[in-house]
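# Report on the structure
Here are the chains, one letter per residue:
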Amino acid sequence: KQQSVSKPRDHLYKILVIGDLGTGKTSIIKRYVHKFFTQNYRATIGVDFALKVINWDDNTLIRLQLWDIAGQERYGNMTRVYYKEAVGAFIVFDVTRKNTFDSVNNWKSDLDSKVQLPDGSNIPCVLLANKCDQPKEGIANVPAKMEEYCKEKGFTAWFETSAKDDINIDEAAKALVQTILNND
Ligand code: GTP
Ligand code: MG
């Protein structure tokens, strides 16, 4: 692709945020986009949307269209519709409940079976170990195991995050966007 140095580049990326009920998907998005957190839990119904605009560098503007998909959709047939044309994803689990980590595999398989990049490869996916401000259960306590798991399952990267204390959310988004840009 040829592009003059001065011409601003403008990207719109559809990003999915998936994972079990109550893992903190909506809270992560609220923190990231609106710089806001609440302890009150209201389950997402279907899908919600948010837009994050990033001034990536002097001539790159990125718009992330975040699809906040209800954990309840786990066994639904709607995910195929929601996943369409996404170019990146976050899978979120809750470090205080290890059953939410056990579901990560299923979310990743569901994702990879229903959406691919135009060249047929899997879309980049970053794993978020959320609520890291709380005591952890299971594998979330062992970074080396997390690392190995992510390599084996084809995750781009993983981050411990806290929507409550604003830990690593910007970093995780940067890592995902960087991978998407490299693919573009
Ligand atoms: P569904 O929409 O049902 O799929 O849930 P969700 O994944 O969107 O979870 P949500 O963001 O609504 O958060 C669920 C609960 O966890 C809420 O009470 C949040 O306040 C709480 N929560 C989310 N993130 C964090 C975090 O980083 N730390 C702590 N301590 N609590 C969190
Ligand atoms: Mg939600």
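Cut-off values and rules
- Residues numbered from 1 in each chain as written.
- Chains lettered and ligands numbered in written order.
- Predicted model: local features only at pLDDT ≥ 70, side-chain atom pairs only at ≥ 80, totals over all residues.
- Heavy atoms only, no water.
- Near = heavy atom within 4 Å.
- Polar contact = N/O pair within 3.5 Å; in protein donor to acceptor, adjacent residues only side chain to side chain.
- Helix = DSSP H or I, 4+ residues; strand = E, 2+ residues; numbered from the N terminus.
- Nonpolar A, V, L, I, M, F, W, Y, C, P; charged D, E, K, R; others polar.
- Donors = N, O, S within 2.8 Å, 3.2 Å for Na, K, Ca; no water.
- Buried < 20%, exposed > 50% of the residue type's maximum accessible area, 1.4 Å probe, protein only.
- Pairing = 2+ DSSP bridges.

### A word on the site of ligand 1
Residues in close proximity to ligand 1 total 23 residues, the closest being Lys 25, Ser 27, Gln 39, Tyr 41 and Gly 71. Taking Gln 39, its main chain carries an N or O atom lying 2.6 Å from an oxygen atom of ligand 1. One of the side-chain nitrogen or oxygen atoms of Ser 162 is found 3.5 Å away from an oxygen atom of ligand 1. A per-element tally of the shell around ligand 1 places helix H1 (residues 25-34) first, with 3 residues. By residue class, the composition of the shell around ligand 1 is 6 nonpolar, 12 polar and 5 charged.

### Quick notes on the coordination of the magnesium ion (ligand 2)
On the protein side, the magnesium ion (ligand 2) has Thr 26 (OG1) and Thr 44 (OG1) as donor atoms, found 2.0 Å from it. Of this pair, Thr 26 sits in helix H1 while Thr 44 is found in the loop between H1 and strand E2 (47-57), placing the two residues 18 residues apart along the sequence. Assessed through its relative accessible area of 22%, Thr 26 is described here as partly exposed.

### Examining the pairing of E2
Pairing between E2 and strand E3 (residues 60-69): 10 bridges, direction antiparallel. Bridging across to E3, Val 47 finds its partner in Ile 69. The antiparallel hairpin formed by E2 and E3 contains 2 residues in its connecting segment.

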